[in-house]
Amino acid sequence: MSVIKVAILGFGTVGEGVYRTIQSHSEELTATLGKKVEVAAVLIRNTQKKRNISENVLVTTEFADILNLEQLDVVVEAIVDKEPTFTFLKSSIERGCHIITANKEMFAHHGKELLELAEEKNVSVGFEATVAGGIPVIQTLRQLLNINRVKQVQGILNGTSNFILTEMREKKQSFTQALILAQENGYAETDPTNDVEGFDAFYKTMILSRLAFGEEPNWQEVEREGITSITSELIEAAENAGLRFKHIASITMLDGQIKATVKPTLVGKEHPFYHVEGVQNAVNVQSDIVGEITLQGPGAGMFPTASAVIEDLVYVCQNPPVNRNLTRSLDVTTEFNKNDKQETWLVHGLIHKPITPSITWIEEMEEGTYVISASSKEVIQLAKQQKNLVYFPILGEYERVNRVKAALKAL
Ligand SMILES: NC(=O)c1ccc[n+]([C@@H]2O[C@H](COP(=O)([O-])OP(=O)(O)OC[C@H]3O[C@@H](n4cnc5c(N)ncnc54)[C@H](OP(=O)(O)O)[C@@H]3O)[C@@H](O)[C@H]2O)c1
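This one's a predicted model, so the numbers in the text were calculated from it and none came from an experiment. (Residues numbered from 1 in each chain as written. Predicted model: local features only at pLDDT ≥ 70, side-chain atom pairs only at ≥ 80, totals over all residues. Heavy atoms only, no water.)

Trainee: So what exactly am I meant to see when it comes to the overall build of the chain here?
Mentor: Of the regular secondary structure elements, the chain holds 15 helices and 16 strands. Taken over C-alpha atoms, the radius of gyration comes to 23 Å for the chain, in line with the 22 Å a tight globule of 411 residues would show. Dimensions of the chain, computed from the C-alpha atoms along their principal axes, are close to 75 × 45 × 35 Å. Relative to all contacts within the chain whose residues are 6 or more apart in sequence, the contacts with residues 24 or more apart total 70%. When the accessible surface of the chain is split by element, carbon and sulfur atoms take 48% of a total near 19,000 Å². (Helix = DSSP H or I, 4+ residues; strand = E, 2+ residues; numbered from the N terminus. Rg over C-alpha atoms; globule rule 2.2 N^0.38 Å. Contact = heavy atoms within 4.5 Å. Areas by Shrake-Rupley, 256 points an atom, 1.4 Å probe, with all protein chains shown as cover.)

Trainee: Could you clarify how one ought to interpret the packing of aromatic side chains in this entry?
Mentor: Here the structure, examined in full by the defined rule, presents 10 aromatic pairs. Considering the side-chain rings of F202 and W219, the 5.1 Å spacing of their centres and the 90° angle between planes classify their relative orientation as edge-to-face. Of this pair, F202 sits in helix α10 (residues 199–213) while W219 is found in the loop between α10 and β8 (223–224), placing the two residues 17 residues apart along the sequence. A residue is classified by how much of its surface remains accessible, and F202, at 7% relative accessible area, is buried. Counting every residue linked through ring pairs, the aromatic cluster contains F202, Y203 and W219. In this structure, R224 is placed above the aromatic ring of F199, and the distance from its NZ or CZ to the ring centre is 3.9 Å. Over the face of the ring belonging to Y274 we find R244, whose NZ or CZ atom lies 4.0 Å from the ring centre. (Phe/Tyr/Trp six-rings, centres within 6.5 Å; stacked < 30°, edge-to-face > 60°. Buried < 20%, exposed > 50% of the residue type's maximum accessible area, 1.4 Å probe, protein only. Lys NZ or Arg CZ within 6 Å of the ring centre and 35° of its normal.)

Trainee: Please clarify how the side chain of E277 should be interpreted in this entry.
Mentor: Structurally, E277 can be placed in the loop between β10 (257–267) and β11 (280–287). Within the structure, E277 has its side chain in polar contact with the side chain of T166 (distance 3.4 Å). Polar contacts involving the side chain of E277 include one to the side chain of R244, which spans 3.0 Å. Beyond its immediate stretch of four places on either side in the chain, E277 contacts N162, T166, R169, E170, R244 and K246. (Polar contact = N/O pair within 3.5 Å; in protein donor to acceptor, adjacent residues only side chain to side chain.)

Trainee: Got a minute to help me understand the domain arrangement of the chain in this structure?
Mentor: How big an interface is tends to be expressed through the accessible area that disappears when the partners come together. For the chain, the domain assignment lists domain 1 (3–126), domain 2 (150–298) and domain 3 (342–410). Just the C-alpha atoms count here: the centres of domain 1 and domain 3 sit 51 Å apart. (Domains from an automatic or database assignment.)

Trainee: Please explain the site of the ligand as it appears in this structure.
Mentor: Contacts to the ligand come from 22 residues, most closely from V14, R45, N46, I79 and G301. The backbone of R45 places a nitrogen or oxygen atom 2.8 Å from an oxygen atom of the ligand. For the ligand, an oxygen atom lies 3.0 Å from a polar atom in the side chain of K49. In the complex, the protein chains occlude 81% of the 900 Å² of accessible area that the ligand would expose alone. Because more than half of its atoms lie within 2 Å of the grid, the ligand is assigned to the largest pocket. Split into classes, the residues belonging to the shell around the ligand amount to 11 nonpolar, 7 polar and 4 charged. (Near = heavy atom within 4 Å. 1 Å grid on protein atoms, 1.4 Å probe; cavity = no way out; pocket = protein on both sides within 12 Å on 5 of 7 lines; lining within 4 Å. Sits in = over half its atoms within 2 Å of the grid points. Nonpolar A, V, L, I, M, F, W, Y, C, P; charged D, E, K, R; others polar.)

Trainee: It is not clear to me how helix α2 (residues 26–33) should be interpreted in this structure. Could you clarify?
Mentor: Each α-helix winds once per 3.6 residues, and so residues spaced three or four apart point in a common direction. Here α2 has its buried residues at L29, T30 and L33. The buried residues of α2 occupy an angular sector of 95° when projected down its axis, which confines them to one face. Residues of α2 that are exposed and point over 90 degrees away from its buried face: E27 and A31. Where α2 is buried, its residues meet β1 (3–9), α1 (13–24), β2 (36–43) and α12 (302–318). Where α2 ends, the next residue or the one after it, G34, has phi of about 70°, a positive value. (Arc of directions from axis to C-beta.)

Trainee: Looking at this structure, how should I read the pairing of strand β9 (residues 244–254)?
Mentor: Note on strand geometry: in a regular strand, side chains alternate between the two faces of the sheet. Across the 11 residues that make up β9, a large majority, 11, are buried. On β9, burial covers both faces: R244, K246, I248, S250, T252 and L254 on one face and F245, H247, A249, I251 and M253 on the other are all buried. Bridge count between strand β7 (residues 150–156) and β9: 4 bridges; the pairing is antiparallel. Looking at β9, one finds that Q154 is bridged to S250. For β9 and β10, the ladder comprises 11 bridges, and the chain directions are antiparallel. Within β10, the residue paired with H247 across the bridge is P264. Adjacent in sequence and paired antiparallel, β9 and β10 are bridged by 2 residues, among which D255 carries a positive phi angle near 50°. (Pairing = 2+ DSSP bridges.)

Trainee: What is the right way to look at a negative patch on the surface in this model?
Mentor: Residues E233, E236, E364, E366 and E367 make up a contiguous surface patch of negative charge. Counting only elements with at least two residues in the negative patch, the list comes to α11 (232–240) and β14 (360–366). You can see E366 is positioned in strand β14. (Patch = residues over 30% accessible without salt bridge, like charges linked within 9 Å, V, L, I, M, F, W, Y side chains within 5 Å. Salt bridge = Lys/Arg side-chain N within 4 Å of Asp/Glu carboxyl O. Lys, Arg positive; Asp, Glu negative; His and termini not counted. Charge placed at Lys NZ, Arg CZ, Asp CG, Glu CD.)

Trainee: I would appreciate a short explanation of the sheet that holds strand β4 (residues 74–77) in the present structure.
Mentor: Across a sheet, paired strands are connected by hydrogen bonds in the backbone, their directions being either parallel or antiparallel. Pairing within the open sheet is parallel, and its 6 strands lie in the order β3-β2-β1-β4-β5-β6. A single partner strand is all that each edge strand has here, and the edge strands are β3 (58–60) and β6 (125–126). Sitting on the sheet, α12 touches β1, β2, β4, β5 (98–101) and β6, and the angle it makes with β5 is about 160°. (Axes fitted to C-alpha atoms, helices over the stretch in contact; angles between N-to-C directions.)

Trainee: Help me understand unusual backbone geometry in this model?
Mentor: Most peptide bonds take the trans form, and the phi angle of most residues other than glycine is negative. Residue P84 is bonded to the preceding E83 through a cis peptide linkage, with omega at 10°. Its place among the elements puts P84 in the loop between β4 and α4 (85–94). The residue N122 is not glycine, and still its phi comes out positive at about 60°. Residue placement: N122 occurs in the loop between α5 (104–120) and β6. The phi angle at K172 is positive, at roughly 55°, despite the residue not being glycine. With respect to the secondary-structure elements, K172 resides in the loop between α7 (159–170) and α8 (175–184).

Structure representation (structure tokens):
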């Protein structure tokens, strides 16, 4: 039986998970691919670390040793940073290998170039693990929604932020307390900037945008906000209104232009993201034929991420390198997010209620905190006039029953 030879770059959480899964699921891989899958080499940096790798596998710190292997079919990349990763993957494609990456920062910056080079060299690229860990969102968009015209993609794409927001609400903790817990549990890095300031979700959003709409918005024009401004007071005000804060990435097509935002958003009980808690991720896709689909699951971790990589391994070995993402129609115009569209908002810190006929005051939650209906233009204007005002969009229907319920309970 012929063999598929794989090299794994990096042997941290993801690299080790992929290595162990190739061993534990070798029967399924052989049955599916009709060939045995073997790890030929592993690239590491630190030779002092003890690793559980079979003696038959070449373990090296030199990428050249890997490129010089006699047979090499697939290169799985599970290291960090844009470089030297991008260079390693370009060389792998040049050598004629399929590539699979888990590295969202590198892929957000260089994915287009890698996909084009791969097409030219007739090899495939797997990048399922770059977005939402174990949730098969890339393959859903890539393979299962070929004919559907995607109108909007929304997602909770950063498990660390979702964990912190959940802890703050459930355990009444401050942002700092919840962040420390996330670090103790290994969900957040020592420097959590990438997660809590929304950079990680931003990179994933750009990857999804390219896949769903064939291109990305101008990065400078994307509204990116993390969760560091969310206080316990805001969480409580939201809870009193029957709402939960989620850090949501949203990509829509508006008059041929892609609009993307990555920011804290409020959702009500009916919204599919309301019950997405802790380190879970979720992605909601709205498209013209099927309607709305929500996928939910583990957004990170050794085996959820290995699951994404191993399914990609099958994909790259079985599929010709057709870059569906580069050819998807842009001819979708939606009514989403028009500047003058009325939306529902929670505004907090209002000093005085202006007389503006186009703003509907739906409910006063407490002094200075209101649920209103207004266009984004009007809310921005309001925030300009009242310096300490913060405002958050509410997705889905807002149920104006909370106060009534509370009053009835008190009777
Ligand atoms: N962890 C997750 O749940 C998850 C989920 C989805 C995507 N990802 C992405 O997957 C990638 C890997 O994440 P991870 O959590 O597995 O990271 P990690 O645990 O920190 O492991 C990184 C590995 O890369 C190796 N490495 C780093 N720079 C290298 C270089 N220049 N040459 C050779 N090896 C190098 C390290 O080698 P040493 O061991 O020798 O130090 C280590 O084995 C990242 O891009 C991450 O964003 C992670």
